[in-house]
Amino acid sequence: EAQVTQNPRYLITVTGKKLTVTCSQNMNHEYMSWYRQDPGLGLRQIYYSMNVEVTDKGDVPEGYKVSRKEKRNFPLILESPSPNQTSLYFCASSGLAGGLSYEQYFGPGTRLTVT
Amino acid sequence: AQSVAQPEDQVNVAEGNPLTVKCTYSVSGNPYLFWYVQYPNRGLQFLLKYITGDNLVKGSYGFEAEFNKSQTSFHLKKPSALVSDSALYFCAVRDGNAGGTSYGKLTFGQGTILTVHP
């Protein structure tokens, strides 16, 4: 089954404790992206990657890091989480042919709480 | 910078009536426009998209959307609403010009909660 998986699905942590949210897709997609969803703000793009070893900042990259060492994986790293990073996080992927005209496939989401 | 506006936080319609969820956008190049739906406690699902061609695009679950370049709008419509259509709807835009500085970015609106009453 074609899918995007994220782990963990739920995470409660404390300020300053480094964490990683994993994202993996099995569709051989070149493009992968991370978003955060906050009430009243919709989804905001954190980082995206057009291919292996190619990453770019989205609209809200501060406090986050990403890496793309393999095509299927795109982990999101919070090196020193703060309470304002409490949010619902989504990973997504899509093909690149046709100039990014393809729709994105979204993972199930990771609900992160930072206390 | 590109942007999307969904002017209504909430839309309420009666089952069987037509529905419209509004979206306007701003992008420097050619707009690639998308609608996604999010059901409670679920991820986002793709509904439809406009890339080029016919201004009226049809998508999943009987939804359609009309691209209007002069009004920079991409409103989502359905002729007859169902209670099961109740969900959170997002409009999104990206710049289709490969040389643009925003190429690769996808910008979402803040979302519109659609409630269909029996």
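Each remark here, short or long, concerns the structure printed above.
Quantities reported herein were computed from a predicted structural model and do not represent experimental measurements.

A. Highlighting the overall build of chain A. Assigned secondary structure in chain A consists of 1 helix and 11 strands. Starting at the N terminus and ending at the C terminus, chain A contains elements arranged as β-β-β-β-β-β-β-β-β-α-β-β. For chain A, whose C-alpha radius of gyration is 13 Å, the value lies close to the compact-globule estimate of 13 Å for 115 residues. If one aligns the C-alpha atoms of chain A with their principal axes, the spans along those axes are about 40 × 30 × 25 Å. Counting all 115 residues of chain A, 51% fall into the buried class. Considering only contacts in chain A between residues 6 or more positions apart, those separated by 24 or more positions represent 54%. Split by element, the accessible area of chain A, about 5300 Å² in all, is 51% carbon and sulfur. A distance of 7 Å separates the average location of the 12 positive side-chain charges in chain A from that of its 10 negative side-chain charges.

B. Geometry of the packing of aromatic side chains. Counted under the stated rule, the structure contains 14 aromatic pairs over all chains. Between A:Tyr35 and B:Phe108, the ring centres sit 5.4 Å apart and the planes meet at 85°, which makes this aromatic pair edge-to-face. Here A:Tyr35 is found in strand 4 (residues 31–38), whereas its partner B:Phe108 is found in strand 11 (residues 107–108) on a different chain. Overall, A:Tyr35 belongs to the buried group, its relative accessible area being 0%. B:Phe108 gets classed as buried once you look at its relative accessible area, which sits at 6%.

C. Representation of the interface of chain A and chain B in the model. Counting from both sides, the interface comprises 25 residues of chain A and, opposite them, 21 residues of chain B. Note on chain A versus chain B: buried area summed over both sides is about 1800 Å², and carbon and sulfur give 53% of it. Ranking the residues of chain A by area buried against chain B places A:Leu43, A:Leu100 and A:Glu103 at the top, with a combined share of 26%. Between B:Lys105 and A:Asp59 there is a salt bridge whose closest N-O contact spans 3.5 Å. Our count for the contact surface shared by chain A and chain B stands at 7 residue pairs in polar contact (both at pLDDT 80 or more). If you list the elements that add at least two residues to the side of chain A that touches chain B, you get strand 4, strand 5 (42–51), strand 9 (87–94) and helix 1 (97–100) of chain A. The leading source of residues in the side of chain A that touches chain B is strand 5 of chain A, at 5 residues.

D. Geometry of the state of the cysteines. All names here are of chain A. Summed over all chains, the structure comprises 2 disulfides over all chains. Note on cysteine connectivity: cysteine 23 is disulfide-linked to cysteine 91, with sulfurs 1.8 Å apart. Here the disulfide of cysteine 23 and cysteine 91 is left-handed, its torsion about the S-S bond being about -70°. Linking cysteine 23 in strand 3 (residues 19–25) with cysteine 91 in strand 9, this pair joins segments that are 68 residues apart in sequence.

E. Geometry of the nonpolar core. B:Trp35, B:Leu47, B:Leu48, B:Phe74, B:Leu76 and B:Tyr89 are the most contacted members of the largest nonpolar core, which has 28 residues in total. Elements supplying a minimum of two residues to this core: strand 2 (10–14), strand 3 (19–21), strand 5 (31–38), strand 6 (44–50), strand 8 (64–68), strand 9 (73–78), strand 10 (87–95) and strand 12 (112–117) of chain B. When residues no more than four places from it in sequence are discounted, the contact partners of B:Phe74 are B:Cys23, B:Leu33, B:Phe34, B:Trp35, B:Leu48, B:Lys49, B:Tyr50, B:Val57, B:Ala65, B:Glu66 and B:Phe67. A:Tyr31, A:Tyr35, A:Leu43 and B:Tyr103 belong to the second largest nonpolar core, which has 20 residues in total.

F. Structural context of the pairing of strand 12 of chain B. Residue and element names in this part refer to chain B. Burial along strand 12 is one-sided: the residues Thr112, Leu114 and Val116 are buried and none of Ile113, Thr115 and His117 is. Here strand 2 runs beside strand 12; their pairing, made up of 5 bridges, is parallel. In the strand pairing of strand 12, valine 11 is matched with leucine 114. In this sheet, strand 12 lies alongside strand 10 in antiparallel orientation, the contact comprising 3 bridges. When the bridges of strand 12 are listed, alanine 87 appears paired with leucine 114.

G. The arrangement of the environment of A:Tyr10 in detail. You can see A:Tyr10 is positioned in strand 2 (residues 10–13). In the structure, A:Tyr10 is positioned 101 residues away from A:Arg111 in sequence and 4.8 Å away in space, judged by C-alpha atoms.

What counts, and where the lines are drawn
- Residues numbered from 1 in each chain as written.
- Chains lettered and ligands numbered in written order.
- Predicted model: local features only at pLDDT ≥ 70, side-chain atom pairs only at ≥ 80, totals over all residues.
- Heavy atoms only, no water.
- Helix = DSSP H or I, 4+ residues; strand = E, 2+ residues; numbered from the N terminus.
- Rg over C-alpha atoms; globule rule 2.2 N^0.38 Å.
- Buried < 20%, exposed > 50% of the residue type's maximum accessible area, 1.4 Å probe, protein only.
- Contact = heavy atoms within 4.5 Å.
- Areas by Shrake-Rupley, 256 points an atom, 1.4 Å probe, with all protein chains shown as cover.
- Lys, Arg positive; Asp, Glu negative; His and termini not counted.
- Charge placed at Lys NZ, Arg CZ, Asp CG, Glu CD.
- Phe/Tyr/Trp six-rings, centres within 6.5 Å; stacked < 30°, edge-to-face > 60°.
- Buried area = accessible area lost by both parts, 1.4 Å probe.
- Salt bridge = Lys/Arg side-chain N within 4 Å of Asp/Glu carboxyl O.
- Polar contact = N/O pair within 3.5 Å; in protein donor to acceptor, adjacent residues only side chain to side chain.
- Disulfide = S-S within 2.5 Å.
- Core = buried A, V, L, I, M, F, W, Y, C linked by side-chain atoms within 4.5 Å.
- Pairing = 2+ DSSP bridges.

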